[in-house]
Amino acid sequence: MRPPKQAPKTSQHIGIEWATHMVWPDDASHKHNRGRLAVVSGGPLQTGAARLCAAAGQRIGAGWVSLIGEPAAALMMAHHETERLILARMPDHTLLDLLYGFDALVIGPGLGLSPQCHKDVVSVLTGFDRPIVLDGDALALVAQDGVSGELGQALCARQAPVILTPHQGEFERLFPQANPSVKLAATLECAKLYRTLLVNKGHQTIVATPQGRIGLSQSTTPFCASAGTGDVLAGMIGGLLAQGLEPFDAACGGVWLHSQAANRAGPGLIASDLIAHLPDLLNELAPSPLKRANPPADHP
Ligand SMILES: NC(=O)C1=CN([C@@H]2O[C@H](COP(=O)(O)OP(=O)(O)OC[C@H]3O[C@@H](n4cnc5c(N)ncnc54)[C@H](O)[C@@H]3O)[C@@H](O)[C@H]2O)[C@@H](O)CC1
Ligand SMILES: Nc1ncnc2c1ncn2[C@@H]1O[C@H](COP(=O)(O)OP(=O)(O)O)[C@@H](O)[C@H]1O
């Protein structure tokens, strides 16, 4: 079958309308019912990606965000983190033990590629029944296995939602048969192959479901090409999933908020700037009673 030349009818430009899916806190909200997000860190020298991711998930509204790492990584994170809770994974802990009670998980940013990392990704895909975002090294591990390998099969068999967020290099490794000149068709085929929702990133970002639903975004500044910006996107999507958004809405909402934050940051952008721009963006989107109070006119 020849690839479609144009976007299928189900494709939508990802614009401000995705904000209508946002979940806002109300008087009954408390930190445990606004979404609990877990992010798995790599080793003590690789905690930065997971920390960016977790901070983004918290800024976008998840009420409780934990970073999980082996004891040395946990200690390193504890030196840096204030609002994120650190969970040290002791030798007798499985990852699933520590994930009890969380609403969503991001795994992959800075994770590493060791056999233990592989085992952990298999264990969450088969044993964690809440939404998962796979990014970074988790995607490298899936690509190493291929679709017929253990991780590929775990993805295909999984019933609960999972979102893959590859950049171009990761996408090409996940789906080596892809023709890069037809990114839309290749993204759809890859989503079908792994039976999962894909966010294929880059100047043009494509969100695709295995059923053929498509979201397209190409309004982001190229200053976004900076280390860690993808980790922030994974955290934003994870934070929206933790708050209960449907996976397609969480993916498109994350992509849109990320692009708006990037455009506001502009020249000189580094990944943490995207997180810093979220409060202003969210304030503009929030229902009137929730908007930030303006200082009185005579405020100094
Ligand atoms: N603050 C941090 O600690 C950061 C950690 N990071 C982590 O570092 C690990 C390696 O990440 P990489 O993204 O380098 O992944 P990989 O090392 O798996 O892939 C990079 C390779 O893909 C190729 N490539 C092709 N198109 C590309 C594109 N559009 N964007 C990026 N690479 C492209 C590159 O040339 C390179 O050979 C991951 O675990 C990642 O999460 C990065 O996210 C950067 C920030
Ligand atoms: N040229 C570009 N124009 C617009 N957005 C870009 C461009 N290059 C990268 N991006 C965006 O920046 C982010 C980079 O993600 P990724 O490469 O995974 O980062 P990292 O792994 O370093 O966190 C993605 O959201 C991607 O869409």
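These numbers come from a predicted model, not from an experiment.

Turning our eyes to something else, we now look at the environment of Leu 75. Mapped onto the elements of the fold, Leu 75 is located in helix α2 (residues 71-80). Note: C-alpha distance between Leu 75 and Phe 175 (100 residues apart in sequence) is 37 Å.

What follows concerns the sheet that holds strand β3 (residues 64-69). Within a sheet, neighbouring strands are paired by backbone hydrogen bonds and run either parallel or antiparallel to one another. Reading across from one edge, β1-β10-β9-β8-β7-β6-β5-β2-β3-β4 is the order of the 10 strands in this open sheet, with mixed pairing throughout. A single partner strand is all that each edge strand has here, and the edge strands are β1 (11-13) and β4 (85-88). Shown here is a sheet whose adjacent strand axes are inclined to one another by a mean of 20°, direction ignored. Sheet topology note: the β3/β4 ladder contains four bridges and is parallel.

When the UniProt feature table is mapped to this numbering, "binding site: (6S)-NADPHX" (unreviewed entry) covers Ala 49, Gly 110, His 167 and Asp 231. Along the chain, Ala 49 falls in helix α1 (residues 48-59). Of the residues examined, Ala 49 reaches a relative accessible area of 16% and is grouped as buried. Other than its neighbours up to four places away in sequence, Ala 49 contacts Pro 109, Gly 110 and Asp 231. The residue Gly 110 is located in the loop between β5 (104-107) and α4 (115-127) in this model. Among the residues examined, Gly 110 registers a relative accessible area of 23% and is labelled partly exposed. Once you skip the residues sitting within four places of it in the chain, Gly 110 turns out to touch Gly 42, Gln 46, Ala 49 and Asp 137.

Conventions used here
- Per chain, residues are indexed from 1 in the order of the written sequence.
- Labels follow written order: the first chain is A, the first ligand is 1, and so on.
- Local features are withheld for residues below a pLDDT of 70 in this predicted model, meaning they are given only at 70 or higher, and side-chain atom pairs are given and counted only at 80 or more; totals for whole chains, interfaces and linings count all residues.
- By convention in this description, side-chain values take in all heavy atoms of the structure and omit both hydrogens and water.
- Each helix is a run of H or I in the DSSP string that is no shorter than four residues. Each strand is a run of E no shorter than two, and both are numbered from the N terminus.
- Here, strands pair whenever DSSP counts at least two bridges between them.
- Every axis corresponds to a line fitted to the C-alpha atoms, with the helix fit spanning only the stretch in contact, and the corresponding angles, defined between N-to-C directions, vary from 0 to 180 degrees.
- UniProt positions are given in the numbering used here, feature names are shortened, and annotations may be inferred rather than shown by experiment.
- With a 1.4 Å probe rolled over the protein chains alone, any residue whose accessible area is under 20% of its type maximum counts as buried; one over 50% counts as exposed, and the rest are partly exposed.
- Only heavy atoms enter the contact rule, under which two residues are in contact if any of them lie within 4.5 Å.

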